[in-house]
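# What the coordinates show
Take a look at the letters that make up each chain.
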Amino acid sequence: MAKIVIIDSGIDLTNREFEGRKISGIHIYEDKAGKINIDENIKDQIGHGTAVAAILNEDLDNELFVIKIFDEEMEGDINLLVRALEYVYENVKCDIINMSVGFTEFDSIAEINNICNKLYFEKGIIMVSAFDNFDTISYPAALDTVIGVDISNEIHKKREFYYLKNSVVDILLKDSMHRVVWLDKKIMVHGTSFATPKFVKMLAKELKTTEKEKIRERLEHIATKVVDFKDEKYESKLEYFKIEEAIVFPVNKEMHTLIRFEEDLKYTMNFYDIKYSGKVGSNTSRFVPKSNHIIMDIDKIDWTGKFDTVILGHCNELSNITNRDYIDNILNNAIKYKKNVFAFDDLKEYSSLTDRIKKNGNHVYYPFVTKRKGRSTLSKLHYIPKPVLAVCGTSSVQGKFTLQYMLRKKFEEQNISVGQIGTEPTSLLLGLDADFTIGYDSRVEVGGYDFISEANKVIFEVSQKNNDIIITGTQSSTIPYSYNSLKNIPLHSLEYLMAVKPDAVVLCVNRYDPIEYIKRTILTIENLFNTSVVAISVYPIDKTREKFKNKERENSEEFIEEMSMKIGKKCYLMNSEKKLGCLFDDVLTYFTTPK
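Everything quoted here is computed from the prediction, not taken from an experiment.

Cut-offs applied
Residues numbered from 1 in each chain as written. Predicted model: local features only at pLDDT ≥ 70, side-chain atom pairs only at ≥ 80, totals over all residues. Heavy atoms only, no water. 1 Å grid on protein atoms, 1.4 Å probe; cavity = no way out; pocket = protein on both sides within 12 Å on 5 of 7 lines; lining within 4 Å. Points joined across faces, edges and corners; volume = space filled by probe spheres on them. Helix = DSSP H or I, 4+ residues; strand = E, 2+ residues; numbered from the N terminus. Buried < 20%, exposed > 50% of the residue type's maximum accessible area, 1.4 Å probe, protein only. Pairing = 2+ DSSP bridges. Axes fitted to C-alpha atoms, helices over the stretch in contact; angles between N-to-C directions. Contact = heavy atoms within 4.5 Å. Phe/Tyr/Trp six-rings, centres within 6.5 Å; stacked < 30°, edge-to-face > 60°. Lys NZ or Arg CZ within 6 Å of the ring centre and 35° of its normal. Core = buried A, V, L, I, M, F, W, Y, C linked by side-chain atoms within 4.5 Å. Expected span 1.5 Å × (residues − 1). Parallel < 35°, antiparallel > 145°, perpendicular 65-115°, else oblique. pLDDT = per-residue confidence, 0-100.

Empty space within the second largest pocket amounts to approximately 660 Å³. Lining the second largest pocket are 31 residues, and of these Y240, L428, L432, D433 and A434 lie nearest its centre. Every element with two or more residues in the lining of the second largest pocket is listed here: strand 20 (368-369), strand 24 (434-435) and helix 11 (448-463). For the lining of the second largest pocket, the element with the most residues is helix 11, which contributes 4 residues.

Successive residues of a regular strand alternate their side chains across the two faces of the sheet. Here strand 17 (residues 309-312) shows two buried faces, one formed by T309 and I311 and the other by V310 and L312. As judged from the 4 bridges shared by strand 14 (residues 245-249) and strand 17, these two strands associate in the parallel manner. In the sheet register, I247 faces strand 17, and the bridge partner there is V310. Summarising the sheet, strand 17 and strand 18 (residues 340-343) pair through 4 bridges and their orientation is parallel. Its bridge partner being in strand 18, I311 is matched across the sheet by F342.

Picture the strands of a sheet paired through backbone hydrogen bonds; they go either parallel or antiparallel. Strand order in this open sheet of 10 strands is 3-2-4-1-5-6-8-10-9-13, and the pairing throughout is mixed. Lying at the two open borders of the sheet, with one neighbouring strand each, are strand 3 (36-39) and strand 13 (225-228). The sheet shows a mean angle of 25° between the axes of neighbouring strands, direction not considered. Of the pairings in the sheet, the one linking strand 5 (residues 96-99) to strand 6 (residues 126-130) comprises 4 bridges and is parallel in character. Counterpart to I96 in the pairing with strand 6 is I126. On the sheet, helix 4 (residues 192-206) packs against strand 1 (3-8), strand 5, strand 6, strand 8 (146-152), strand 9 (161-165) and strand 10 (171-174) and is oriented at approximately 155° with respect to strand 6.

What follows is about the packing of aromatic side chains. Overall, the coordinates contain 21 aromatic pairs when judged by the stated rule. Each ring, one from F342 and one from Y365, has its centre 5.1 Å from the other, and the planes form 25°; the classification is stacked. Of this pair, F342 sits in strand 18 while Y365 sits in strand 19 (residues 364-365); the two residues are 23 residues apart in sequence, bridging distant segments of the chain. Of the two residues, F342 and Y365, both sit in the buried class. Through pairs of rings, three or more aromatic residues link up here, namely Y240, F241, F342, F344 and Y365. The residue whose ring lies beneath K123 is Y89, and the NZ or CZ to ring-centre distance is 4.9 Å.

What follows covers the nonpolar core. Core analysis: the biggest nonpolar cluster contains 84 residues, and I7, I67, L85, I97 and I112 have the highest contact counts within it. Here this core takes 9 residues from helix 2 (residues 78-91), the largest share from any one element. Within the second largest apolar cluster, 53 residues are counted, among which are L238, F261, I335 and I357.

A cis amide bond links Y139 to the next residue, P140, at an omega of 15°. Residue P250 follows F249 across a cis peptide bond; omega there is -15°. Along the polypeptide, P250 turns up in the loop between strand 14 and helix 6 (255-260). Look at D135: it is not a glycine, yet its phi comes out positive at around 70°. Relative accessible area serves as the criterion here: at 43%, D135 is assigned to the partly exposed category. Although it is not a glycine, S379 adopts a positive phi angle of roughly 75°.

Counting buried residues in strand 8 gives 7 out of 7 residues, a clear majority hidden from the surface. Burial along strand 8 is two-sided: the residues V146, G148, D150 and S152 and I147, V149 and I151 are all buried. Judged from the 4 bridges that link them, strand 6 and strand 8 form a sheet pairing that is parallel. Bridge pairing in strand 8 links S129 to G148.

With 15 residues, helix 4 extends 21 Å between its outermost C-alpha atoms, agreeing within 8% with the 21 Å of an ideal straight helix rising 1.5 Å per residue. Judged by how many residues are buried, helix 4 sits mostly within the fold: 12 of 15 residues are covered. Regarding helix 4, the residues found buried are T192, S193, F194, A195, T196, P197, F199, V200, K201, L203, A204 and E206.

With that out of the way, let us pick up the packing of helix 4 against helix 5 (residues 215-222). Following both chains from N to C, one finds helix 4 and helix 5 inclined at 110°, their axes separated by 11 Å at the closest point. Regarding the angle of helix 4 to helix 5, the classification is roughly perpendicular. Only I215, R218, L219 and I222 of helix 5 make contact with helix 4, whose side of the interface consists of F199, M202, L203 and E206.

When pLDDT is averaged along the protein chain, the result is 93, and 97% of the positions lie at 70 or above. Predicted confidence for residues 543-550 stays below pLDDT 50, and this span has 8 contacts to residues more than four positions away or in other chains.

Now for the environment of I115. Within the secondary structure layout, I115 lies in helix 3 (residues 110-121). The class for I115 is buried, based on a relative accessible area of 4%. For the pair formed by I115 and H190, sequence separation is 75 residues and the distance between their alpha carbons is 29 Å. When sequence neighbours within four positions are dropped, the list of residues in contact with I115 reads V82, L85, E86 and Y89.

Next up, the structure:
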């Protein structure tokens with residue numbers, strides 16, 4: 001006989017299906033003051049728990065214990081499920097826990113993961129949970145210690161099931177209709193909630209002849225089909241490392257962000273370039289006002305100096321112009337003088353050199369996007385439980401990444417904790433939580449569904465950290481300006497937005513963008529991703545450039561007001577701290593105003 005705990009909406013013990021059965025349980029609920037209480041009122045007011053219990057009651061050998069956590073609807077707080085599992089851990093000796101529930105919205109999976117680990121490893125309890133019916137990754141079904149049940153049209157017989165390995169889903173059952181008890185009547189239902197107790201009923205029978213520790217082996221043996229999603233074709237993500245003092249080479253556009261936000265960094269920097277660049281001997285204030293570093297000649301560097309890391313920017317264009325492999329030169333010197341290397345370019349073809357750096361006990365990091373090792377999600381995506389702000393654009397070179405970083409600082413000034421994913425190679429150097437580099441000269445080895453899945457995993461991982469909001473952004477344009485070349489189609493930007501599912505967007509535009517193109521971009525973002533463009537950031541004209549010397553009007557308030565009227569969105573010229581503050585206020589108001 002198996003003792004099964006049912007965590008659901010309770011049970012209607014007056015139904016004749018349970019006549020003569022001794023079924024006990026508890027009710028766990030949260031009162032108006034937010035306090036968790038326990039009583040013995042397990043009466044089902046919904047019908048869902050009664051249906052699940054009736055299926056398990058078909059085998060009279062099973063002993064049932066009911067924990068009611070849903071009162072009036074099958075929606076609730078995952079914390080009540082955690083409390084229910086803690087109650088089982090402390091008070092109930094059982095074999096199986098049936099959870100015909102799947103949570104997708106929560107702040108953190110840490111608590112439920114911890115209690116499930118304790119139940120599995122310390123008590124040896126088998127936990128079975130249904131996946132969400134809308135194909136979202138849900139919990140606790142997706143946890144390693146829980147048998148996650150899903151349904152599929154590929155399976156044609158009710159008694160058949162697939163056993164899946166290296167997948168978030170463990171069991172696939174037929175998508176069948178079930179005639180079930182629903183309070184005072186019987187109805188036809190389908191879905192994972194009712195497939196799960198059918199599977200648990202079978203599992204309980206197997207426990208008569210199989211030890212609990214070997215139940216997964218038994219399931220694999222009796223399954224109609226075993227599908228293994230193990231993928232050997234993956235490249236491990238490199239680990240970021242601590243930097244104390246770095247040299248930066250060359251001083252190209254990507255490095256300007258490091259110069260601009262140098263005060264926020266936890267390491268010091270010196271800057272180098274090649275003598276033919278015209279930058280050697282000049283000050284970094286040439287690129288970022290108020291910075292103060294003299295740019296030095298890379299060929300005259302003292303490699304015995306106390307710096308520990310080389311921040312190596314994009315070098316391919318430089319190498320092509322000078323016919324000199326700067327990456328090879330830097331890596332060989334890093335080997336000889338035992339330095340770490342953080343590179344923007346893909347160093348895969350230099351693996352013999354990077355391996356030697358690692359053998360020295362030093363570190364190498366370069367960003368790339370590929371399919372990571374891990375369990376298959378079977379096309380399911382994570383729901384992102386934190387609000388997401390995305391900064392998008394109509395072209396390249398609009399200060400999108402800088403704006404993301406400055407908005408982060410604004411949120412933090414309001415004591416709002418920010419999680420941030422960057423699509424630039426400098427992301428981790430600036431202390432962001434994660435990188436997903438898809439910009440200039442980056443290595444992206446996945447596309448389509450795999451790209452969306454990998455990006456979705458990254459943003460979900462960041463959402464599980466202690467933050468209140470997540471900021472990220474895309475590269476270049478969001479939609480094609482024209483369709484005359486594949487280069488004009490920003491697939492990665494669109495795929496990335498599908499993965500992160502932003503709740504709000506700030507759109508960066510140029511003052512010369514056609515109004516119709518801006519409107520088309522806004523319509524696409526708002527309709528395709530079901531979000532709102534809350535403000536427009538207008539990239540200011542560099543009046544020092546000769547061709548813009550007579551373009552004062554385009555940097556005027558009058559021009560920006562006209563642009564706002566034509567677009568139908570508030571526009572801000574990003575040329576002052578005040579304008580940034582106004583844009584931030586619009587974003588904050590959007591997120592704090594009840595929808």
